[in-house]
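Observations on the model geometry
Below are the chains, spelled out letter by letter.
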Amino acid sequence: FRHVVLFCHGFAGHKDNAAAQKLAGRILNRHADTALLIFNWPGHGDDAHASIRLEDCDAYLGTVLGYIRDALRPEILDVCATSFGGYLVLKYITDHGVSPFRRICLRCPAVVMDQVLTDRILTPDEMRVLEAGGSVPSGFDRKVDITLSFLESLRQADLPHRDLRPFADRICIVQGTADELVPCAAVRDFAGRNGIFLLSVEDADHRFLDPAKMDVVLTTFMRFLDL
């Protein structure tokens, strides 16, 4: 393939992703030499892990990138990522100091993932279980085991205060102003501090369930990727 677009789903999602399918449909209708590839994060979809750790996510992404490089050998590699997937992509490039991607498209990136979990997803009772040393299953069609150590690793990673300015011209963010999971203000501050292009979509929720609003995302990404 001349061009590969990697798609990274969000927390408690999986590779059978509706947004990825819509984006793939648009790409394949226009470009026969372009492929979209999606995979499951640890503990997601049909992955064998029961729990999730940041180091495993980093290793999975590295393995997928190795496969793309060695088996598909594209001239151009881009990435589109949603929510926690966006967090992991940003963490990966700042951890490694280099981006394997020409361009990076992010929808509602969970730049404050620890706050998303503690303030928006986990209940007070579940937080007490974690603080007592237990684990809590969290998610939708498949549950992912969350531990206090995972939350602590998110806090220690401190993604909101990392310097993304060296990569800013490669990144495009689309954020809904009515996002019920990822605080719009946190994404706006993150983008502004790093000089990253941000398109705010009025009244769009986290999943962009309104087809017209999702169309804005897909059109923006296609344009940014020159597709």
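For the structure given in this document, a descriptive report is provided here.

Conventions we followed
Residue positions are given per chain, counting from 1 as you read along its sequence in written order. Totals for whole chains, interfaces and linings use every residue, but because this is a predicted model, local features are given only for residues with pLDDT of at least 70 and side-chain atom pairs only at 80 or more, for both listing and counting. Values reported for side chains reflect all heavy atoms of the structure, with hydrogen atoms and water molecules removed beforehand. Counting from the N terminus, the helices are DSSP H or I runs at least four residues long and the strands are E runs at least two residues long. Computation of the radius of gyration draws on C-alpha atoms, with the globule rule given as 2.2 Å multiplied by the number of residues to the power 0.38. Remark: exposure states derive from per-residue accessible area (1.4 Å probe, protein chains only) relative to the maximum for the residue type, with buried under 20%, exposed over 50%, and partly exposed in between. By definition, residues are in contact when any of their heavy atoms lie within 4.5 Å. Using the Shrake-Rupley algorithm and a 1.4 Å probe, accessible areas are obtained, with residue cover drawn only from the displayed protein chains. Here, strands pair whenever DSSP counts at least two bridges between them. Every angle, taken between N-to-C directions, lies between 0 and 180 degrees, and every axis is a line fitted to C-alpha atoms, over only the stretch in contact when it is a helix. Definitions used for this entry: grid spacing 1 Å over protein atoms alone; cavity, a set of points where a 1.4 Å probe fits but cannot get out; pocket, an open set with protein on both sides within 12 Å along at least 5 of 7 lines; lining residue, one with an atom within 4 Å of a point. Grid points are joined across faces, edges and corners, and a volume is the space filled by probe spheres set on the points. In this classification, Asp, Glu, Lys and Arg are treated as charged, Ala, Val, Leu, Ile, Met, Phe, Trp, Tyr, Cys and Pro as nonpolar, and every other residue, Gly included, as polar. What we call a nonpolar core is a set of buried Ala, Val, Leu, Ile, Met, Phe, Trp, Tyr and Cys residues that are connected through their side-chain atoms within 4.5 Å.

**Quick notes on the overall build of the chain**
Helices and strands together make up the secondary structure of the chain, namely 8 helices and 8 strands. On C-alpha atoms alone, the chain measures out to a radius of gyration of 17 Å, which is about the 17 Å that the 2.2 N^0.38 rule sets for 227 residues. For the chain, the spread of C-alpha atoms along the three principal axes comes to 50 × 40 × 35 Å. Across the 227 residues in the chain, those meeting the buried criterion constitute 53%. The contacts in the chain between residues at least 6 apart in sequence include a share of 75% that link residues at least 24 apart. As displayed, the chain has an accessible area near 10200 Å², and 50% of this comes from carbon and sulfur atoms.

**Considering the sheet that holds strand E4 (residues 104-107)**
The strands making up a sheet are joined through hydrogen bonds of the backbone, oriented either antiparallel or parallel. Overall, parallel pairing links the 6 strands, which are arranged E2-E1-E3-E4-E7-E8 in an open sheet. In this open sheet, the two edge strands, each paired with only one partner strand, are strand E2 (34-38) and strand E8 (197-201). Each strand of the sheet is rotated relative to its neighbour by a mean of 15°, with strand direction disregarded. Sheet topology places strand E3 (residues 76-82) next to E4; 4 bridges connect them, and they run parallel. Bridge pairing links alanine 81 to leucine 106 in E4. Contacts between helix H1 (residues 18-30) and the sheet are confined to strand E1 (3-8), E2, E3 and E4, with E2 contributing the most and set at about 170° to the helix. Helix H3 (residues 84-96) rests against E1, E3, E4 and strand E7 (171-176) of the sheet, and its axis sits at about 135° to E3.

**Focus on the layout of surface pockets**
Considering only enclosed or pocket space, the largest pocket measures out at about 670 Å³ in volume. Taken together, 28 residues form the lining of the largest pocket, with Gly13, Asn17, Phe140, His206 and Arg207 sitting closest to its centre. When the residues that make up the lining of the largest pocket are grouped by side-chain class, the tally is 13 nonpolar, 8 polar and 7 charged.

**Some points on the nonpolar core**
Among the nonpolar cores identified, the biggest contains 56 residues, and Leu6 and Phe84 are the most heavily contacted of them. Among residues more than four places away in sequence, those in contact with leucine 6 are Leu37, Phe39, Leu61, Val64, Leu65, Ile68, Leu77, Asp78, Val79, Cys80 and Phe101. In terms of nonpolar packing, the next biggest core, distinct from the first, is built from 22 residues, Cys80, Cys108, Val174 and Met214 among them.

**Comments concerning the environment of glycine 133**
With respect to the secondary-structure elements, glycine 133 resides in the loop between helix H5 (124-131) and strand E5 (135-139). Residue class for glycine 133 comes out exposed when judged on its relative accessible area of 67%.

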